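Single-letter residue listing:
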Amino acid sequence: MINRRKFLQQISLTSGAAIVAIGSHGWIAKSVNGQTNRQRTIVIFLRGGADGLNIVVPYGESAYYDYRPQIAIAPPGDSQGALELDDRFGLNPALAALMPLWQQGSLAFVHACGYPEATQSHFDAQKYMEVGSTNIRRSLDGWMNRLLSELSTPAPTKAVGLGATMPRILSGRMPVALLPLGRNPQRPSPIDRPQISSLFDRLYTGNDSISKAYQQGRVAREQLLRDLEEEAMAADNGAPPPKGFAVDARKMARIMVKDPSTQLGFLDLGGWDTHVNQGKHEGQLGRNLKSLGEGLAVLVQELGDIYSQTAIVVMSEFGRTARENGNGGTDHGSGNVMWLLGGSLKGRKVYGEWPGLSESQLLGGRYLKVTTDYRDVLASVLTQHMELNPEKLSAVLPGYSSSSKMVLF
Amino acid sequence: MANNSNASASKVLHVLNRLSFGPRPGDLENAKSMGIEAYIKSQISPNSIPESQSVQQQLSSLETLRLSPRELKAEFDRLRQTSQDPKVFSKAQNQWRKLVMDEAIQARFVRAMDSNRQLQEVMVDFWFNHFNVWMLKGLATLWTGSYEEQAIRPNALGKFRQLLGSVAKHPAMLFYLDNWLNTAPNSPGVRGQFNGLNENYARELMELHTLGVDGGYTQKDVVALAQILTGWGLERPKRRMAANAPPPPPPTDNNGFFFDPDRHDFSDKVFLGKTIKGSGIAEGEEVLDLLARHPSTARHISYKLAQYFVSDRPPAPLVAKLAKTFQEKDGDIKAILNTLFSSEEFLSPKNYNAKFKTPYQYVISMVRATDTEIPNFHQFNGFLTQMGMPVYGHREPDGYKNTEDAWLNPDALLRRIEFATRLGNRQFGKSKPLDVGQLSNTLGNNFSNRTREVVASSPPKMQLVLMLGSPEFMKR
């Protein structure tokens with residue numbers, strides 16, 4: 001029988017470059033496959049309903065300024081005005097860190113996105129977007145998990161999420177690695193102490209499902225700890241450590257750079273439910289955007305060469321009311337903006353049919369209408385960027401049939 | 001002779017593992033001396049078992065547990081009136097909510113860990129998940145404890161029809177699955193959010209609670225059932241404020257269930273091929289009878305019981321046997337369990353220790369085996385939250401699963417071991433000094449040779465931890 005400790009050591013040695021390997025085939029895939037030329041997608045989910053109208057600002061609409069006396073972003077050219085994207089839209093100045101990417105043509109937006117069946121429930125709306133379907137009555141798998149399953153045929157591949165609990169978008173039959181958030185978030189666990197783990201290693205040498213789960217968990221945890229150690233050392237080397245979201249963005253990028261079989265990544269960010277005092281380029285929304293924008297810039301920078309093979313999608317469950325409310329905030333709405341970044345993106349463009357903001361153009365007189373099914377955007381990422389066979393699209397997004405073909409890559 | 005007694009020892013352990021949340025010190029010996037048939041018989045009649053002093057004492061300090069949903073809500077409404085300042089009164093209201101929720105969770109843990117009526121508590125776990133409500137949805141925060149107390153526990157070993165009816169009328173379920181809003185369009189009671197049919201409860205009543213998803217109903221039946229259940233709702237003291245309006249009728253029962261004829265659809269309906277004469281609340285009772293006695297319901301419930309008690313993929317002949325008893329005995333849960341516990345499938349040694357514990361079962365069995373005294377339950381529910389299984393915390397109506405598929409994954413297993421290590425080192429609460437030989441006896445010495453060897457060759461203070469974190473203890 002193989003000595004478990006020795007076995008773990010061997011794994012560690014042979015997979016020195018790998019950071020994450022969780023799941024039944026993770027490390028095996030790496031050692032037998034060695035394929036490097038893979039397309040990658042990272043999804044960033046803004047939970048709470050990010051206010052798309054103050055992110056990609058329709059400064060050409062006078063109604064926008066009528067609806068939002070306290071919180072509207074001034075037109076480009078004015079003091080603290082929007083950063084001009086085109087003759088209709090400008091970017092919230094809190095996102096200045098993204099302008100170089102816009103100039104390079106690797107940033108784009110699709111405005112007025114959403115799903116056909118509107119709901120103003122965070123819970124249902126997030127589920128729609130994570131399941132990839134409005135048929136959410138049961139605990140269902142996430143579309144990224146189904147995508148993983150499609151991508152893994154014939155060659156196995158991996159997905160990684162950052163967070164405390166498995167988000168629905170990643171959950172399902174395929175094993176997915178989950179890493180903790182933050183710079184040094186890993187609580188020490190008794191199992192990290194060799195005098196404890198070596199004993200448990202001897203209890204779980206079997207070939208049964210429980211022993212296998214244990215063995216996979218141990219390999220993953222050792223690699224995770226090594227990763228955290230490396231990261232701590234990197235921070236010691238002089239560079240100022242990034243803050244907030246950028247910490248996680250950097251971690252995600254490093255995993256993907258070091259382990260080419262990690263094709264999918266997921267991050268989520270809370271704090272977008274701005275019912276009260278959301279502010280303009282400062283305040284709650286501005287702070288969040290600044291952190292997100294800077295983190296995205298770090299993510300792109302750290303991805304380095306593989307940025308050309310990466311698509312980054314930023315989405316949120318719904319937009320917010322066109323009008324500000326009585327508390328300097330906005331309430332749950334409908335149509336929203338989706339963000340795309342990628343080395344091979346047809347960028348520097350705001351896509352989507354703009355529905356307009358006049359009273360009669362709003363849904364129910366309150367919300368930006370949805371003119372693009374968010375799945376049209378995902379379908380473009382999946383088929384044109386990830387090279388998923390279009391016939392397999394319905395396996396990832398059940399019940400979806402492409403209404404309009406969007407060409408983003 | 002030795003073999004024979006081993007065989008019967010492992011049978012006793014099996015029965016304790018399935019009919020209880022795992023053995024406490026002394027439980028195996030007691031069941032053995034009592035005889036296994038007598039043990040099963042007593043567990044099936046929980047009222048024949050005296051409850052322990054300690055459980056009674058702990059429960060008696062949980063005062064909100066004895067309040068009805070009406071009383072719980074009345075206090076919540078009273079607190080609203082204690083100040084003009086929203087910050088002040090919502091703080092008071094939230095404290096009330098939190099107290100009510102904490103006490104409900106504590107009562108659940110106390111009973112599961114310590115009650116002598118273990119099968120009743122196991123069945124509460126089963127039925128609560130079958131008729132799941134999510135505690136964090138609005139007013140369900142106040143009512144979930146009462147729901148378990150008044151609708152689930154008293155009927156956990158009773159008649160299925162009675163259980164179904166109690167669930168249907170409890171405010172927690174009416175609220176959670178929205179039937180309190182379910183209103184006949186164009187009825188005189190239409191107002192505000194009471195403005196049309198809501199199919200949510202009607203669908204789950206068939207799909208989850210009774211017939212099962214393949215139980216032979218259509219979308220038309222869903223709509224008909226929703227129409228039949230219009231007006232099944234909650235007492236609303238302020239519902240008619242017009243000066244010369246008659247005073248609101250009293251609630252239909254003490255929990256606050258209220259049938260509102262003004263919002264009911266009085267037309268005749270066709271449901272599952274049968275005409276239901278429009279008559280008011282009696283229509284709902286009629287269809288609950290029909291659903292409770294439907295062969296699909298018998299099959300659906302039998303499958304779930306067999307999966308919970310026997311194996312993740314229960315044998316079809318066993319399910320058929322249980323369904324037969326279900327129908328012959330008119331949904332008498334005791335009779336169905338008797339058939340189950342005396343079946344050869346249940347007693348087959350290949351099913352011994354074959355169910356992977358849910359996080360809830362794992363935690364509770366560990367506390368029981370080590371006889372740990374728990375000073376507060378927050379750490380326990382915190383661990384269960386990390387594991388994805390907080391008490392009363394499943395959002396969707398389908399309840400927590402109890403299969404290995406649902407709960408076994410690498411991260412979860414390491415977390416269990418971490419928890420075992422902390423509990424073994426007494427980081428949670430006092431346990432009586434326990435040596436590893438005692439723990440092994442409590443657990444029927446049911447360990448593989450490998451586990452025995454590893455434990456025996458380990459430092460003494462690790463031996464207990466290893467046993468609690470062993471592959472054998474992950475299963476029941």
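Residues numbered from 1 in each chain as written. Chains lettered and ligands numbered in written order. Predicted model: local features only at pLDDT ≥ 70, side-chain atom pairs only at ≥ 80, totals over all residues. Heavy atoms only, no water.

A.B. asks: Explanation requested: the environment of Ala177(A) in the structure shown.
C.D. replies: Note on placement: Ala177(A) falls in strand 7 (residues 177-179). Remark: the alpha-carbon pair of Ala177(A) and Gly217(A), spanning 40 residues in sequence, is separated by 9.9 Å. (Helix = DSSP H or I, 4+ residues; strand = E, 2+ residues; numbered from the N terminus.)

A.B. asks: Where do I start with the pattern of salt bridges in this structure?
C.D. replies: Any two side chains of opposite charge can pair, on the condition that their charged atoms come close. All names here are of chain B. Scanning all chains against the criterion turns up 37 salt bridges over all chains. Residue Glu148 pairs with Arg153 through a salt bridge whose shortest N-O separation is 2.9 Å. There is no split in this pair, since Glu148 and Arg153 are both buried. Here the salt bridges share partners, and the residues they tie into one network are Arg108, Arg111, Glu121, Glu148, Glu149 and Arg153. (Salt bridge = Lys/Arg side-chain N within 4 Å of Asp/Glu carboxyl O. Buried < 20%, exposed > 50% of the residue type's maximum accessible area, 1.4 Å probe, protein only.)

A.B. asks: What should I look at first to understand the packing of helix 14 (residues 295-309) of chain B against helix 15 (residues 316-328) of chain B in this one?
C.D. replies: Helix-helix packing is described using two parameters, namely the angle between the two axes and the distance between the axes. Residues and elements named next belong to chain B. Put simply, helix 14 and helix 15 touch, their axes get as near as 8 Å, and they point 130° apart. It follows that helix 14 is oblique to helix 15 by the angle criterion. Judged by the sense of rotation from one axis to the other, the crossing of helix 14 with helix 15 is right-handed. Contact with helix 14, carried on its side by Pro295, Thr297, Ala298, Arg299, Ile301, Ser302, Tyr303 and Ala306, involves Leu318, Val319, Leu322, Ala323, Phe326 and Gln327 of helix 15 and no other residues of that element. Along the lines of polarity and charge, the residues of the contact of helix 14 with helix 15 split into ten nonpolar, three polar and one charged. (Axes fitted to C-alpha atoms, helices over the stretch in contact; angles between N-to-C directions. Parallel < 35°, antiparallel > 145°, perpendicular 65-115°, else oblique. Left-handed = near helix turned anticlockwise from the far one by under 90°. Contact = heavy atoms within 4.5 Å. Nonpolar A, V, L, I, M, F, W, Y, C, P; charged D, E, K, R; others polar.)

A.B. asks: So what exactly am I meant to see when it comes to the interface of chain B and chain A here?
C.D. replies: Where interface size is given, it is often the accessible area lost as the parts come together that is meant. At the junction of the two partners, chain B supplies 38 residues and chain A supplies 31 residues. Note on chain B versus chain A: buried area summed over both sides is about 2,900 Å², and carbon and sulfur give 61% of it. Ranking the residues of chain B by area buried against chain A places Pro410(B), Leu414(B) and Arg450(B) at the top, with a combined share of 20%. Scanning the region where chain B abuts chain A turns up zero salt bridges. At the boundary of chain B with chain A, the tally comes to five residue pairs in polar contact (both at pLDDT 80 or more). Looking at the side of chain B that touches chain A residue by residue, the class counts come to 15 nonpolar, ten polar and 13 charged. (Buried area = accessible area lost by both parts, 1.4 Å probe. Polar contact = N/O pair within 3.5 Å; in protein donor to acceptor, adjacent residues only side chain to side chain.)

A.B. asks: I keep staring at the side chain of Thr370(B) and nothing clicks. Help me out?
C.D. replies: Residue position: Thr370(B) is located in helix 18 (residues 359-370). Reaching out from Thr370(B), the side chain makes a polar contact with the backbone oxygen of Val367(B) at a distance of 3.4 Å.

A.B. asks: Help me out: how do you make sense of helix 6 (residues 86-114) of chain B in this one?
C.D. replies: Because each turn of an α-helix spans 3.6 residues, side chains separated by three or four positions in sequence point in the same direction. For helix 6 of chain B, built from 29 residues, the straight-helix expectation of 42 Å at 1.5 Å per residue is met to within 8% by its first-to-last C-alpha distance of 41 Å. For helix 6 of chain B, the capping residue at the N-terminal end is Asp85(B), with a side-chain oxygen 2.9 Å from the backbone nitrogen of Lys87(B). (Expected span 1.5 Å × (residues − 1).)

A.B. asks: Would you mind showing me how to read the packing of helix 7 (residues 118-130) of chain B against helix 14 of chain B here?
C.D. replies: All names here are of chain B. It is the contact of helix 7 with helix 14, at a shortest axis distance of 12 Å, that shows an interaxial angle of 125°. If you check the angle between helix 7 and helix 14, you find them oblique. For the pair helix 7 and helix 14, the crossing hand works out as right-handed. Facing Leu119, Val122, Met123, Asp125, Phe126, Trp127 and His130 of helix 7, the residues of helix 14 in contact are His300, Ile301, Lys304, Leu305, Tyr308 and Phe309. Tallied by class, residues from the contact of helix 7 with helix 14 come to nine nonpolar, two polar and two charged.

A.B. asks: Is there a simple way to think about the environment of Ala108(A) in this case?
C.D. replies: Residue and element names in this part refer to chain A. Here Ala108 lies in strand 5 (residues 107-114). Between the C-alpha atom of Ala108 and that of Leu340, which follows or precedes it by 232 residues, the distance is 5.2 Å. Sequence-distant contacts of Ala108, that is, excluding residues within four places in its chain, are made with Trp102, Met338, Trp339, Leu340, Leu345, Lys346, Gly347, Lys349 and Tyr351.

A.B. asks: I tried to follow the sheet that holds strand 3 (residues 83-84) of chain A on my own but got confused; where do I start?
C.D. replies: The strands making up a sheet are joined through hydrogen bonds of the backbone, oriented either antiparallel or parallel. Residues and elements named next belong to chain A. The strand order across the open sheet formed by three strands is 2-4-3, and the pairing between neighbours is antiparallel. Among the strands making up the open sheet, the edge pair consists of strand 2 (56-57) and strand 3. In this sheet, strand 4 (residues 90-91) lies alongside strand 2 in antiparallel orientation, the contact comprising two bridges. By the bridge assignment, Val56 is partnered in strand 4 with Leu91. (Pairing = 2+ DSSP bridges.)

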